Protein chains: 2
Amino acid sequence: MTYCVGMMLERGLVLMSDTRTNSGVDNISTFRKMFHWSIPGERLIAVMAAGNLATTQSVVSQLEERNKAPSERHNSLLEAPTMFKVASIIGDLLSETIASRACHNGQSAAGTFAASMIVAGQIKGMEPRLFLIYPEGNFIEASYDTPFFQIGETKDGRPILIRGYERSMSFEAAVKLLMLSFDSTLKANLSVGLPLDLLVMERDRFEPLHERRIEGSDGYFQAISAGWGEALKKAFLSLPEYDLSLQQRQGAK
Amino acid sequence: MTYCVGMMLERGLVLMSDTRTNSGVDNISTFRKMFHWSIPGERLIAVMAAGNLATTQSVVSQLEERNKAPSERHNSLLEAPTMFKVASIIGDLLSETIASRACHNGQSAAGTFAASMIVAGQIKGMEPRLFLIYPEGNFIEASYDTPFFQIGETKDGRPILIRGYERSMSFEAAVKLLMLSFDSTLKANLSVGLPLDLLVMERDRFEPLHERRIEGSDGYFQAISAGWGEALKKAFLSLPEYDLSLQQRQGAK
């Protein structure tokens, strides 16, 4: 599978994705799942994908019109007037790609070809926006109440996100939080793997503020991963002890 | 669903279970999922169940021979020579119960009636043992490498167990750890609900050391739940900040 998180902050958007794909546990590969396109000074749009790799690669290729000669290609995402329109274009392309594959292989195969996506970006004059796109092509947008989206293997890395997230946090703190979320997931789920891709999109910058591939050998990631175990232990010890002499229930079964 | 954890320590065994059952989100009830039987001074055996409630209640009723007049009942768990035999008896009963229901409703319905169980206990002269019993009736035993079992909604509460568990920990610390694991699960999963049942089985005691139902109003649980958020925040702040000026990948897409 995959693990991707898109997070909306006051300062902008932060995205992180893993790079593992697998077909069974004995067939794993590394593929990039984060893509972005920009018109510097005007817009920056990023996409992360989870699910069937052929589906998501096809969607990205179609967005870039790779079926045409390089000189004739144009990316409709770079011409869409709003981020809502961007999400609609990607949603339609995603659901059509899944449906056409399922059509060739029997409708019950739709699940096999399914994928979901996170779309993040900002177009000049408008707010940064963050969308979660379902395999059916419809989508929801992040809000004050739900300011981040996860796709793929979302469970292991969710508790720390819920506890640690603050809308006003710095990009630095957000990256730290995302690394903890990915570290928890990596520890529990073999279908999520290093390296990680990181993209920081500052509000009104319209080009990446920071973009990096984080390898297993990354010093900061290693420090966070090792330090978190120690820090959690201290946090655990700081809480009061349970008292076994508390009233016991008698006669219970 | 359900969330139950059985944990093996040097000092003995600690079990915790929630009490929520649901059939859809609009039909929730409270049912006990933890049961135990003992011959004081000789054996103490506990069972926790997750899955189809009719299945697990039926298994427990059959163990107690509730189809017979009270005077004629005898519980085979109290006569089994070893904990391995106890696990076998429960496993067979569980798989037979599921199979007979599936037989009445078409074989494809087996999943509907499925359930899994955790069995914990000690018989005099032998070590405490902990088993996870699958719907198929087979089972695995906890070991030095895997010293705790979870059933039901296991994902949300797992990271803290993995990070916090130590074989040599006190019962008090183990209860604290379990409460954190349940708190994380309660926060993320509506199908797990308060109150919780707690059972502490001390090695060579052969009767419960401590047994309690933990309600939402429980002062210690509230302190742990609230304190953990604060403690995590401190732990998070104690880790080094990410440095956005780290070398950026150029030309990547």
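Going along each chain's sequence as written, the residues are numbered from 1 onward. Just so you know, chain letters begin at A and ligand numbers begin at 1, following the order they were written in. For a predicted model such as this one, the threshold for reporting local features is a pLDDT of at least 70, and the threshold for listing and counting side-chain atom pairs is 80 or more; totals across whole chains, interfaces and linings nevertheless cover every residue. To obtain the side-chain values, all non-hydrogen atoms of the structure were used and water was disregarded.

Going by an unreviewed UniProt entry, chain A carries the name Peptidase and comes from Novosphingobium rhizovicinum.

Concerning the pattern of salt bridges
Definition in use: By definition here, a salt bridge exists when the distance from a side-chain nitrogen of Lys or Arg to a carboxyl oxygen of Asp or Glu is within 4 Å. Helix and strand definitions here come from DSSP, where helices need a minimum of 4 consecutive H or I residues and strands a minimum of 2 consecutive E residues; each element is numbered from the N-terminal end. Residue exposure (1.4 Å probe, protein chains only): buried if accessible area is under 20% of the type maximum, exposed if over 50%, otherwise partly exposed.
Summed over all chains, the structure comprises 32 salt bridges over all chains. In this structure, the salt-bridge partner of B:Asp197 is B:Arg32, at a minimum N-O distance of 2.9 Å. One end of the pair, B:Asp197, is in strand β11 (residues 196-202); the other, B:Arg32, is in the loop between β4 (28-30) and β5 (34-39), with 165 residues separating them in the sequence. The burial state of B:Asp197 is the same as that of B:Arg32; both residues are buried. B:Glu65 is paired through a salt bridge with B:Lys68; the nearest N and O atoms lie 3.4 Å apart. What emerges from the salt-bridge pattern is a single network uniting A:Arg32, A:Asp197 and A:Arg213.

With respect to the confidence of the model for chain A
Selection rule: pLDDT is a residue-level measure of predictor confidence that goes from 0 to 100. Throughout, a residue-residue contact means that at least one pair of heavy atoms, one from each residue, lies within 4.5 Å.
When pLDDT is averaged along chain A, the result is 92; 96% of the residues meet or exceed 70. For residues 249-253 of chain A, every residue scores under 50 in pLDDT, and the model assigns this stretch 14 contacts once sequence neighbours within four places are set aside.

Some points on the nonpolar core
Applied cut-off: As used here, the term nonpolar core means buried Ala, Val, Leu, Ile, Met, Phe, Trp, Tyr and Cys residues forming a set that is joined through side-chain atoms within 4.5 Å.
Among the nonpolar cores identified, the biggest contains 74 residues, and A:Trp228 and B:Trp228 are the most heavily contacted of them. Here A:Trp228 is in contact with A:Ile160, A:Leu180, B:Arg163, B:Leu232, B:Ala235, B:Phe236 and B:Leu239, once residues within four sequence places are set aside.

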